[in-house]
Every structure is written in C-alpha cells, then in structure tokens.
Amino acid sequence: MGQVLMVASTASMIKQFNVRNIQILKRAGHEVTVAANFEKPGTINSETAQNFKRFLEQMQVKTVQIGFGRGVGTVRDNMEALRSLDRLFKNNNFEFMHTHSALASVLSRLVAKKHKVPTVYTAHGFQFSKESGKGRWLKYFSIEYVLSFLTNTLIVINEEDFRVAKKFFHQKHLVLLPGIGVKIPELKTNLTRKLISKKFQAEFQLTESDFSLLTVGELSRRKNQSVVFKALAELQNEHVHYFLVGLGPMLEEYRELVSSLGISNQVHFIGYSNDVDYFYEGVDATIFPSKLEGLLTSGVESLAHGKYVIGANVRGIRDLIVDEPVEGILFDQNNLSEVKAAIVEGIKNVKEQAVTSPTRVYEHALRFDADLVDNKMVKVYADVEKEAKG
C-alpha cells in the first residue's frame with residue numbers, strides 16, 4: 001500500500017475528527033503523514049497538541065508542521081504554507097490526499113493538482129449557507145466551485161451542502177456522510193444518570209432548583225455564545241446556569257461581557273476538558289447558538305448522552321433536530337426574544353418530560369453512529385486508491 005497525506009489547518013481538527021480515518025488507513029496498510037499546524041493547534045492547548053503528536057508517532061504516523069493561519073490567513077502565511085506543502089509533495093510519493101478545513105483544503109488542493117495527486121476533500125460545512133449574505137456566497141461559493149474541478153471525491157456532512165454540491169460543483173464523486181460519526185455509548189441507567197447529576201451539582205454548588213445548560217466548542221464569533229449570555233441576563237433567572245467547555249479567541253471578551261451583564265455567578269468557563277462526557281452527563285440540556293455549522297458533532301454527542309438540544313435554526317444544527325420538540329427545539333439566533341423563549345420552553349420540556357425523555361433523545365442519535373460513517377470511509381478510500389492505481 002502507498003503513502004497517504006492527511007491535511008488540516010490545525011492539529012485539533014485532526015485530533016477531534018480524523019483519528020478514526022487514520023486508523024482505517026493504517027489497517028489497510030497505508031503509510032500516513034499528517035500535515036497541520038501543531039504550533040497553533042486550534043481548539044486544544046499546546047500541551048494537548050504535543051501529546052497528540054506523540055500519540056500519532058507511536059502509531060507510526062509521520063507529522064509535519066505547516067503554519068496555516070486562522071480564517072483566510074495572510075498572504076505571507078499562505079505563501080509559506082504553499083512552499084511547505086510543495087516541499088512535502090516533492091519529497092514523498094503520495095498515492096492520494098485527504099484534506100480538511102477551509103484554508104488548508106484550498107492550498108493543499110492547489111499543490112496536489114500540481115503534483116498530480118488525487119484528492120479527497122471533506123467539507124465540514126461550506127463557508128456559505130442559505131442564511132448567508134450575497135458577499136459570502138460570491139466569495140466562498142466561487143472558491144469552492146473552482147476547486148471542485150480539482151477534487152476527486154467531495155465528502156459533505158449535511159443535506160444542504162449535498163444539494164449545493166450536486167447541483168453546481170464538478171467533483172468526480174460526491175458522498176454524503178451523517179457527520180463525522182460519534183461512538184454512541186449505551187445510555188446510562190436512570191440511577192447512574194442521577195448519581196452523576198448529584199456529583200456534578202455538588203462540584204459546582206448547584207441546587208435541585210437550578211437548571212444547567214452546556215455548550216461544547218470553540219469560543220468564537222461563529223459559535224455565537226454571546227447571544228446566550230444576553231438571553232440569560234434578560235431572563236433574570238439566577239437558577240439557570242451556563243457551562244462552556246472549550247477554548248477560543250473570544251474567551252477574554254466573553255468574560256468581560258458576562259461581568260458587565262451581571263451574570264458571572266451563572267456562567268462557568270471550563271476551558272479545555274479531557275472528560276467532556278462528564279459535562280454531558282452532568283447538565284440538564286445543551287444549547288448551541290452557532291451562526292453556521294457543518295454538522296455539529298457536539299450536538300450529536302449531546303443526543304448520544306440523552307440530552308435535549310436547544311439549537312439555532314441553521315444548517316448543521318437543524319439536521320440534528322428533525323423531530324422537534326422530541327430531540328430539541330430550534331430558535332432564530334438573530335432574535336433574542338426567540339432565544340429566551342427557547343430556553344424557557346426547553347427547561348419546561350426537560351423538567352416535565354411530556355414530549356421528550358433521555359431514551360427518546362438517545363434513539364435519535366443512533367443515525368450518526370461512527371460505525372456507519374467508518375464503513376462508508378473504508379469504501380471511499382478503497383475507491384480512490386483503485387482510481388489512483390489506474
């Protein structure tokens with residue numbers, strides 16, 4: 001078997017979404033090289049990134065530092081990343097490449113085309129959607145359209161992106177996956193859930209009267225946690241607590257906003273956690289106010305723990321809540337009154353369990369099981385390898 005290159009803008013993208021893909025490739029006998037930014041690793045801290053790098057090396061996976069920038073990057077950073085990628089391709093004989101992240105996928109596909117290396121590209125949500133303005137469509141749709149001619153297999157993870165790609169783009173093959181796949185654990189018993197909840201309440205000094213909400217993900221403008229802060233401030237219900245697990249560029253600004261709104265006692269910035277499951281099990285419900293998503297993995301994880309989802313009515317979140325209000329409830333993230341109303345209704349639905357229950361929520365998570373995704377990825381890799389060999 002030949003060499004395969006896995007590319008992403010950040011180490012966190014590889015760690016959170018691609019370990020199983022690497023394992024599939026290794027089991028098939030491929031040599032795998034991972035190229036990403038390990039120095040600015042994204043939503044994990046530097047220590048975790050270095051530990052992950054050692055984990056990959058123990059798997060006999062080569063790692064290469066590429067200085068991809070944030071967002072669209074700078075001209076200088078992008079040119080240096082292109083040069084680094086070009087050297088990487090020159091020094092190796094890659095059979096094919098699997099690329100992720102918007103910026104990394106643009107740059108790596110250009111270089112792969114130069115070196116005649118077939119490309120698999122997973123779009124974790126296009127940078128435009130039906131909620132986006134014309135400027136975003138003009139900019140990002142045009143880039144994806146042009147680069148689709150350089151893409152052998154395009155993988156999308158939600159229905160809206162699938163429809164767009166099928167109608168407008170020119171990749172050789174188009175694959176729709178139910179997200180990146182989540183290992184769905186067995187739903188814990190009522191007794192176990194209650195014990196974990198009691199422990200969680202004790203740790204964070206919550207009472208039986210309190211209701212806890214959780215968001216797992218990067219603290220960023222796109223994830224839009226600030227609208228939840230504003231909603232909590234206007235609700236003036238000190239019994240509603242909001243837990244945020246994750247890092248991101250908006251952390252300090254969010255701390256200041258929470259303080260200015262007078263809700264510091266209700267908002268808990270946890271940072272990065274190696275035990276996210278504990279938070280899913282401990283809280284009463286989750287809330288995801290993002291402006292845009294691919295298919296929200298943390299939303300799937302929430303369903304897999306039997307937790308009700310209060311989510312923005314945007315691509316990648318509404319794909320999760322197809323049976324409202326059983327799985328959760330949707331709101332317009334641009335309408336603060338709707339956000340407040342959704343929180344109030346979500347609390348009512350969870351407490352009364354008239355329309356939902358952990359078991360009913362859990363059943364809806366099974367359609368995103370990792371085994372379903374992995375079986376499709378085995379076929380994707382086998383097909384692109386077959387084409388590469390001619």
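A quick note: this is a predicted structure, and the numbers were derived from the prediction, not measured.

Caption draft 1: View of the overall build of the protein. Counting its secondary structure elements, the protein contains 15 helices and 13 strands. In terms of overall size, the protein behaves like a compact globule, its C-alpha atoms giving a radius of gyration of 21 Å where 390 residues would be expected to give roughly 21 Å. Viewed in the frame of its principal axes, the protein has a C-alpha envelope of about 65 × 40 × 40 Å. Across the protein, the fraction of contacts at a sequence separation of at least 24, relative to all contacts at a separation of at least 6, is 71%. With the model as given, the accessible surface of the protein reaches about 17,800 Å², and the carbon-plus-sulfur share is 51%. Considering the protein, the positive charge centre built from 49 side chains and the negative charge centre built from 44 side chains are found 7 Å apart.

Caption draft 2: Representation of the pattern of salt bridges within the structure. Going through the model one piece at a time under the given rule, you end up with 22 salt bridges. R70 is the salt-bridge partner of E218, the closest N and O atoms lying 3.3 Å from each other. You can see E218 sitting in the loop between strand 8 (211–216) and helix 9 (226–235) and its partner R70 sitting in the loop between strand 3 (62–65) and helix 4 (75–90), a full 148 residues away along the chain. Taking the relative accessible area as the measure of exposure, E218 reaches 16% and is therefore buried. Three or more residues are tied together by salt bridges with common partners; here these are E80, R83 and R87.

Caption draft 3: Just the nonpolar core, in detail. Core analysis: the largest hydrophobic core is formed by 80 residues, its most contacted members being I22, V34, L213, F229, Y242, V267 and F269. Beyond its immediate stretch of four places on either side in the chain, I22 contacts M6, I14, V32, V34, L56, M59 and V61.

Caption draft 4: Structural context of the sheet that holds strand 9 (residues 240–245). Taking strand neighbours across the sheet as the criterion, the six strands line up as 10-9-8-11-12-13 in an open arrangement whose pairing is parallel. Either end of the sheet is taken by a strand with one partner, and the two such strands are strand 10 (267–271) and strand 13 (328–331). Across the sheet, the mean angle separating the axes of adjacent strands is 20 degrees when strand polarity is ignored. Direction of pairing for strand 11 (residues 285–288) relative to strand 12 (residues 308–312): parallel, over a ladder of four bridges. Residue pairing in the sheet places F288 in a bridge with G311 of strand 12. Docked against the sheet, helix 13 (residues 336–352) engages strand 8, strand 9, strand 11, strand 12 and strand 13, running at close to 170 degrees with respect to strand 12.

The rules behind the values
Residues numbered from 1 in each chain as written. Predicted model: local features only at pLDDT ≥ 70, side-chain atom pairs only at ≥ 80, totals over all residues. Heavy atoms only, no water. Helix = DSSP H or I, 4+ residues; strand = E, 2+ residues; numbered from the N terminus. Rg over C-alpha atoms; globule rule 2.2 N^0.38 Å. Contact = heavy atoms within 4.5 Å. Areas by Shrake-Rupley, 256 points an atom, 1.4 Å probe, with all protein chains shown as cover. Lys, Arg positive; Asp, Glu negative; His and termini not counted. Charge placed at Lys NZ, Arg CZ, Asp CG, Glu CD. Salt bridge = Lys/Arg side-chain N within 4 Å of Asp/Glu carboxyl O. Buried < 20%, exposed > 50% of the residue type's maximum accessible area, 1.4 Å probe, protein only. Core = buried A, V, L, I, M, F, W, Y, C linked by side-chain atoms within 4.5 Å. Pairing = 2+ DSSP bridges. Axes fitted to C-alpha atoms, helices over the stretch in contact; angles between N-to-C directions.

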